[in-house]
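Summary of structural features
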Amino acid sequence: MKRVNNILEVIVVCILFMGCQKETPQKVVEKTVLKANLLTANYGTGYFKELKELQKNEYLKYYDNDGEEYAATYFQYLHRVTIPNLERSLRDIQNLEVNEDSKELISASIELFEFCIDFYKKDYAEIAYMYDEGKTQQEINMLINEFKAKSLEKFKEKNLELDEAAKIYAEKKGVKLKFV
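Residues numbered from 1 in each chain as written. Predicted model: local features only at pLDDT ≥ 70, side-chain atom pairs only at ≥ 80, totals over all residues. Heavy atoms only, no water.

Quick notes on the pattern of salt bridges
Note the threshold: Salt bridges, as used here, are contacts in which a Lys or Arg side-chain nitrogen is within 4 Å of a carboxyl oxygen on Asp or Glu. To qualify as a helix, a DSSP run of H or I must reach at least 4 residues; to qualify as a strand, a run of E must reach at least 2; elements of each kind are numbered from the N terminus. Only protein chains enter the calculation, and the probe is 1.4 Å; a residue is then buried if its accessible area is under 20% of its type maximum, exposed if over 50%, and partly exposed in between.
For the structure on display, the rule yields 14 salt bridges. For the salt bridge of Asp118 with Lys122, the shortest nitrogen-to-oxygen distance reads 3.0 Å. In this pair, Asp118 and Lys122 both sit in helix H6 (residues 103–132), four residues apart, roughly one turn of the helix. According to the relative accessible area criterion, Lys122 is exposed, its value standing at 53%. In this structure, a network of salt bridges that share partners links the residues Asp101, Lys172 and Lys173.

Now the structure itself:
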């Protein structure tokens, strides 16, 4: 019995040790930079093209708390899938251990995610609602162009800050990082 208790103690200590380990530099880059690539790919019309494709292929769906699958409108998909996924990614980044080397990278990623989540909740919600209401593509494009006019420069600026911080961090930590 004593031997079993000793083995259990060792297992518990190992589990606690593994749970307390810091993220590797590679994981820090993955969480801060690679997840942010989705923000870039889905900026402006990209997001709504993706939703159109999902709808066309009958994959525009969400799962409710009971695990049931439901067909979604653009507005529902935005609020039940996209925004929660972005918020989850943001929490992952916020939970990273900040040190002297990672401070700028984590901060830049958090700022970009917060900026984007804000426009997903406001501007993208308005555009999604227009799609759901059957507004013309011309009306929708006008709103998208207004959105881009007011946010594109700031989006590019925050994205560039993240890229620069990532390059410095990756070089310092020996992480391979390639921008295309």
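Quick look at the packing of aromatic side chains
As a reminder of what qualifies: What counts as a ring pair is set by centres within 6.5 Å for rings of Phe, Tyr and Trp (its six-membered ring), and what kind of pair is set by the plane angle: stacked under 30 degrees, edge-to-face over 60, tilted for all other angles.
Throughout the structure, instances matching the rule amount to 18 aromatic pairs. Considering the side-chain rings of Tyr124 and Phe147, the 5.3 Å spacing of their centres and the 70 degrees angle between planes classify their relative orientation as edge-to-face. Pair noted here: Tyr124 is in helix H6 and Phe147 is in helix H7 (residues 137–173), with a separation of 23 residues, a long-range link. In this structure Tyr124 comes out as buried when scored by relative accessible area, which is 0%. Among the aromatic residues, ring-to-ring pairing joins Tyr43, Tyr47, Phe48, Tyr74, Phe115, Phe119, Tyr120, Tyr124, Tyr131, Phe147 and Phe155 into one connected group.

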